[in-house]
Amino acid sequence: MFRSTDNGDNWTEQNNGFTALDVNAVEINSLGHIFAGAAGGVFRSRNDADSWTNASSGLLPPGGNVLAVDFGFGGRAFAGTAGGGVFRSVNPTVPPNVPPRPRPTPHPRPTPP
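From a predicted model like this one, the values you see are computed outputs, not experimental measurements.

Asks: Please explain the sheet that holds strand S8 (residues 77–81) as it appears in this structure.
Replies: Backbone hydrogen bonds hold the strands of a sheet together, and the pairing may be parallel or antiparallel. Taken in spatial order, the three strands of this open sheet run S7-S8-S9, and their pairing is antiparallel. In this open sheet, the two edge strands, each paired with only one partner strand, are strand S7 (66–71) and strand S9 (85–88). Taking each pair of neighbouring strands and ignoring which way they run, the sheet shows an average axis angle of 20 degrees. Across five bridges, S7 lies against S8 in antiparallel orientation. Paired with Ala68 across the bridge in S8 is Gly80.

Asks: Please explain the pairing of strand S3 (residues 23–28) as it appears in this structure.
Replies: Regular strands show a simple pattern: their side chains alternate between the two faces of the sheet. Bridge count between S3 and strand S4 (residues 34–38): five bridges; the pairing is antiparallel. Looking across to S4, one finds that Glu27 is bridged to Phe35.

Asks: Just checking my understanding: could you explain the packing of aromatic side chains for this structure?
Replies: Any pair of aromatic rings gets described here by the distance separating the centres and the angle formed by the planes. Applying the stated criterion across every chain yields a total of three aromatic pairs. Taken together, a centroid distance of 4.5 Å and an interplanar angle of 35 degrees make the contact between Phe18 and Phe43 tilted. Highlighted residues: Phe18 in the loop between strand S2 (12–13) and S3 and Phe43 in strand S5 (residues 41–45), separated in sequence by 25 residues. Looking at Phe18, the relative accessible area reads 8%, which means it is buried. A connected cluster of aromatic rings, assembled from ring pairs, spans Phe18, Phe43 and Trp52.

Each value, and the rule that gives it
- Residues numbered from 1 in each chain as written.
- Predicted model: local features only at pLDDT ≥ 70, side-chain atom pairs only at ≥ 80, totals over all residues.
- Heavy atoms only, no water.
- Pairing = 2+ DSSP bridges.
- Helix = DSSP H or I, 4+ residues; strand = E, 2+ residues; numbered from the N terminus.
- Axes fitted to C-alpha atoms, helices over the stretch in contact; angles between N-to-C directions.
- Phe/Tyr/Trp six-rings, centres within 6.5 Å; stacked < 30°, edge-to-face > 60°.
- Buried < 20%, exposed > 50% of the residue type's maximum accessible area, 1.4 Å probe, protein only.

Keep in mind these values describe shape, not function.
Laid out in structure tokens, this is it:
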């Protein structure tokens, strides 16, 4: 995983705890937690990608190749896999009645001449 804090001009590797080699999908829940679907499961960061934990327990079989991640009503995570179906998390990713984290306003990058 890589992260940019300057609209993509520079990137830094953010792989602390991320054990997968291929990332297929990235989604952010209403609290700002980042979920990455990869060959090897679903990984979650609660601190802007400074560190990652495997969040696949109770979501899909070990080693599942996750091609898509999304959130449904009630904050439950859904993971679409290669040949294994769609799996839903047992618990929501967002506690009830927690206000969403404010999202930054994107700044457009100028088009080079």
